[in-house]
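Examination of the molecular architecture
Chain by chain, the residues:
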Number of protein chains: 2
Amino acid sequence: MSECKVDTALEAIVGKWKHKILFHMIKQDKIRFNELKRSIPGITQKMLTSQLRELEQHDLITRKVYAQVPPKVEYSLTEHGKSLIPILSMMSVWGEEHVKHVESLYRETDEKA
Amino acid sequence: MSECKVDTALEAIVGKWKHKILFHMIKQDKIRFNELKRSIPGITQKMLTSQLRELEQHDLITRKVYAQVPPKVEYSLTEHGKSLIPILSMMSVWGEEHVKHVESLYRETDEKA
DNA sequence: CTGTATCCTACGGGATACTG
DNA sequence: CAGTATCCCGTAGGATACAG
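Thresholds, definitions, all that
Residues numbered from 1 in each chain as written. Chains lettered and ligands numbered in written order. Predicted model: local features only at pLDDT ≥ 70, side-chain atom pairs only at ≥ 80, totals over all residues. Heavy atoms only, no water. Least-squares fit on C-alpha atoms with pLDDT ≥ 70 in both. Contact = heavy atoms within 4.5 Å. Near = heavy atom within 4 Å. Polar contact = N/O pair within 3.5 Å; in protein donor to acceptor, adjacent residues only side chain to side chain. Helix = DSSP H or I, 4+ residues; strand = E, 2+ residues; numbered from the N terminus.

Next up on the list: the relation of the copies chain A and chain B. In screw terms, the move from chain A to chain B is a rotation of 180° and a rise of 0.0 Å along the axis, fitting with an RMSD of 0.1 Å. Here the transformation between the copies is reduced to the relation of a two-fold axis. Relative to the rotation axis, the C-alpha of A:I87 is the closest in chain A, positioned 3.4 Å from it. When the interface residues of chain A are mapped onto chain B, 97% of them are again interface residues, pointing to one common binding face.

The next subject is the protein's contact with DNA strand C. Taken together, 20 residues lie near DNA strand C, and A:K16, A:K46, B:Q45, B:R63 and B:Y75 sit nearest. Backbone sugar and phosphate groups make up 61% of those atoms of DNA strand C lying within 4 Å of the protein. Contact distances for DNA strand C include 3.0 Å between a phosphate oxygen and a side-chain N or O atom of B:R32. At 2.2 Å, a side-chain N or O of B:R63 approaches a phosphate oxygen of DNA strand C. For the surface near DNA strand C, the secondary structure elements donating two or more residues are helix 4 (45–57) of chain A together with helix 3 (33–39), helix 4 (45–57) and strand 3 (72–77) of chain B. The dominant element in the surface near DNA strand C, judged by the number of residues it contributes, is helix 4 of chain B, at 4 residues.

Given below as structure tokens:
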């Protein structure tokens, strides 16, 4: 952690929906727009589009358009995007532990009260 | 990455200054308020305080107040906070690679133009 | 030295309607 | 199906002043 580039990493994955999008693309290597939309409750089309565009700009995902009617667009992780998997995985594990940890803290203070 | 707790992890470390604060506390295990302020260019007192409070609420850092005049307050990582180090470290490495990667992409497109 | 207290603004994100 | 185009709002974060 010489000079702190955590900023850069965070920039790439922060955004209310980005990690959820990435999550689905880790599970499923090609995924369509509406498939994503259905898989992520609460997301709007606008948000889905804009977050996808940002991920694309960071070269984390690819957008493949099929010249068809009706349109078909598939999103998938780039190789570079796949390099994020270990980090996301660690964060997920840490997140679970963090929840437990914080809960146990609350339990302690409750017991005192 | 069973069910995605990346959210939780992100919540804990997202915030414009949090990872910078953490970074300094990794390098230096006890650090004072003004020391942090001086080490983090651009941060305001308000922001430093509020980010410190949030980190404290997540039990990532401890606040130790010395009963003195003038006041002295030392911040340090909790054990739980230290469990974040590997993640931050990975993110930092990835961040550096990401910068290079994106730069090389720009170079390619420049060459085409 | 280590903070609060205000006030203010930019922008991430939501709701809704429209389109090739 | 896979998107734009608008309009709108809450809140994270900045500037500044004051305080124990």
